[in-house]
Amino acid sequence: MTYKAQLVVRARSKEGAAIIEKVKELASEQGSTYSEMAVELLGRGLNADDDVDGAFQVDASDGDGEKEEEEEEEEEENDDLSAVAISVEESVEVEKKKAPAHPKAPLPPEEAGPAVDPELPPEEIVKHYLQRRSDRGERAAARILVDFFAAAGPGAGGNLKKLLQKEFTEAEFDELMAPIKETEEYATYTERAIFGEPSPYSQVN
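Rules used throughout
Residues numbered from 1 in each chain as written. Predicted model: local features only at pLDDT ≥ 70, side-chain atom pairs only at ≥ 80, totals over all residues. Heavy atoms only, no water. Helix = DSSP H or I, 4+ residues; strand = E, 2+ residues; numbered from the N terminus. Expected span 1.5 Å × (residues − 1). Buried < 20%, exposed > 50% of the residue type's maximum accessible area, 1.4 Å probe, protein only. Arc of directions from axis to C-beta. Axes fitted to C-alpha atoms, helices over the stretch in contact; angles between N-to-C directions. Parallel < 35°, antiparallel > 145°, perpendicular 65-115°, else oblique. Left-handed = near helix turned anticlockwise from the far one by under 90°. Contact = heavy atoms within 4.5 Å. Nonpolar A, V, L, I, M, F, W, Y, C, P; charged D, E, K, R; others polar. Phe/Tyr/Trp six-rings, centres within 6.5 Å; stacked < 30°, edge-to-face > 60°. Polar contact = N/O pair within 3.5 Å; in protein donor to acceptor, adjacent residues only side chain to side chain. Core = buried A, V, L, I, M, F, W, Y, C linked by side-chain atoms within 4.5 Å. Salt bridge = Lys/Arg side-chain N within 4 Å of Asp/Glu carboxyl O.

1. Looking at helix H10 (residues 184-195)
Reasoning step 1: With 12 residues, H10 ought to run about 16 Å at 1.5 Å a step, and its terminal C-alpha atoms sit 17 Å apart, in line with that.
Reasoning step 2: Tyr186, Tyr189 and Arg192 are the residues of H10 that are buried. All buried residues of H10 fall inside an arc of 115° around its axis, so they share one side. Relative to its buried face, H10 has exposed residues pointing more than 90 degrees away, namely Glu184, Ile194 and Phe195.

2. Some remarks on the packing of helix H7 (residues 138-151) against helix H9 (residues 170-181)
Reasoning step 1: Remark: H7 packs on H9, axes separated minimally by 10 Å, with the N-to-C direction vectors making an angle of 60°. Here H7 is positioned oblique relative to H9, judged by the angle of their axes. Every pair of crossing elements has a handedness; the one defined by H7 and H9 is right-handed. Residue-level contacts link Glu138, Ala142, Leu145, Val146 and Phe149 of H7 to Glu175, Leu176, Met177 and Ile180 of H9.
Reasoning step 2: Here the residues of the contact of H7 with H9 sort into seven nonpolar, no polar and two charged.

3. Looking at the packing of aromatic side chains
Reasoning step 1: Throughout the structure, instances matching the rule amount to five aromatic pairs.
Reasoning step 2: Arranged with centres 5.3 Å apart and planes meeting at 75°, the rings of phenylalanine 148 and phenylalanine 149 form a pair that is edge-to-face. For the pair phenylalanine 148 and phenylalanine 149, one class covers both residues: buried.
Reasoning step 3: Ring-pair connections join several aromatic residues into one group, and the members of that group are Phe148, Phe149, Tyr186 and Tyr189.

4. Considerations on helix H8 (residues 154-167)
Reasoning step 1: Here H8 contains 14 residues, and its C-alpha end-to-end distance of 20 Å stays within 8% of the 20 Å for a straight helix at 1.5 Å per residue.
Reasoning step 2: Listed in full, the buried residues belonging to H8 are Gly157, Leu160 and Leu164. Buried residues along H8 cover an arc of 60° about the axis, so they all sit on one side. Exposed residues lying more than 90 degrees from the buried face of H8 are Lys162 and Lys166.

5. Concerning the side chain of threonine 183
Reasoning step 1: Among the structural elements, threonine 183 can be located in the loop between H9 and H10.
Reasoning step 2: In this structure the side chain of threonine 183 is engaged in a polar contact, spanning 2.6 Å, whose partner is the backbone oxygen of isoleucine 180.
Reasoning step 3: What threonine 183 contacts, discounting residues up to four positions off in sequence, is Pro106 and Val146.

6. Overview of the side chain of arginine 192
Reasoning step 1: Counting through the fold element by element, arginine 192 comes out in helix H10.
Reasoning step 2: The exposure class assigned to arginine 192 is buried, which follows from its relative accessible area of 4%.
Reasoning step 3: A polar atom in the side chain of arginine 192 sits 3.5 Å from the backbone oxygen of alanine 150.

7. Some points on the nonpolar core
Reasoning step 1: Grouped together as the largest cluster of nonpolar side chains are 21 residues, with contacts concentrated most on Leu145, Phe149, Leu160, Leu164 and Ile180.
Reasoning step 2: Looking at this core, the elements that each hand over two or more residues are helix H6 (122-136), H7, H8, H9 and H10.
Reasoning step 3: In terms of residue count, H7 provides more of this core than any other element does, seven residues in total.

8. Here we look at the pattern of salt bridges
Reasoning step 1: Within this structure, the stated rule accounts for five salt bridges.
Reasoning step 2: The salt bridge involving aspartate 147 is made with arginine 143; its shortest N-O contact spans 3.4 Å. Here aspartate 147 and its partner arginine 143 are both found in helix H7, four residues apart, which amounts to about one turn of the helix.
Reasoning step 3: Here the salt bridges share partners, and the residues they tie into one network are Lys104, Arg133, Glu138 and Glu175.

9. With respect to the environment of glycine 155
Reasoning step 1: Its place among the elements puts glycine 155 in helix H8.
Reasoning step 2: In this structure glycine 155 comes out as partly exposed when scored by relative accessible area, which is 45%.
Reasoning step 3: On a C-alpha basis, the gap between glycine 155 and alanine 193 in space is 8.4 Å, while along the polypeptide they are 38 residues apart.

Written as structure tokens, this is what we have:
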């Protein structure tokens, strides 16, 4: 023997609640159940008037179908939420691996060109920087500055910045320094400048 499965409908807005009440009124007027009326209306909306009841018939017993349907809906909803959460986490992880920290991030040493001695005076570092920038572009030249700040003390770092400010406008200087300041090397340089630590290349005589 087959039984009609009861339709479970939940509303999360005032408009939805009003629609449910209207369906209940129609069902009462026509002497049918709320579920039957809802299925009929859904069938009309889906252009399936010919056999609406048959399309929604399932085997069930003593209302178990409704409980199972609710449990399945909850399980599917939880699975969907878990899948979305996992997808978002994976997307963020992939984005972190693919995207550079800054669109003008310094090139890695193997791509930036010949290494420049970071112990050279700031004036020489600036000359190498300008030449590399002209030959290979801003990102390649930025590697020279990153290597310099990795070893520089506060005094040398300050002098280099002043020299760069003479070569570029204030806006250009801020723009070229933006990707440098996002590197670990520059962060370490800043710590040395704040706490007065010696550079890696300094020697006590």
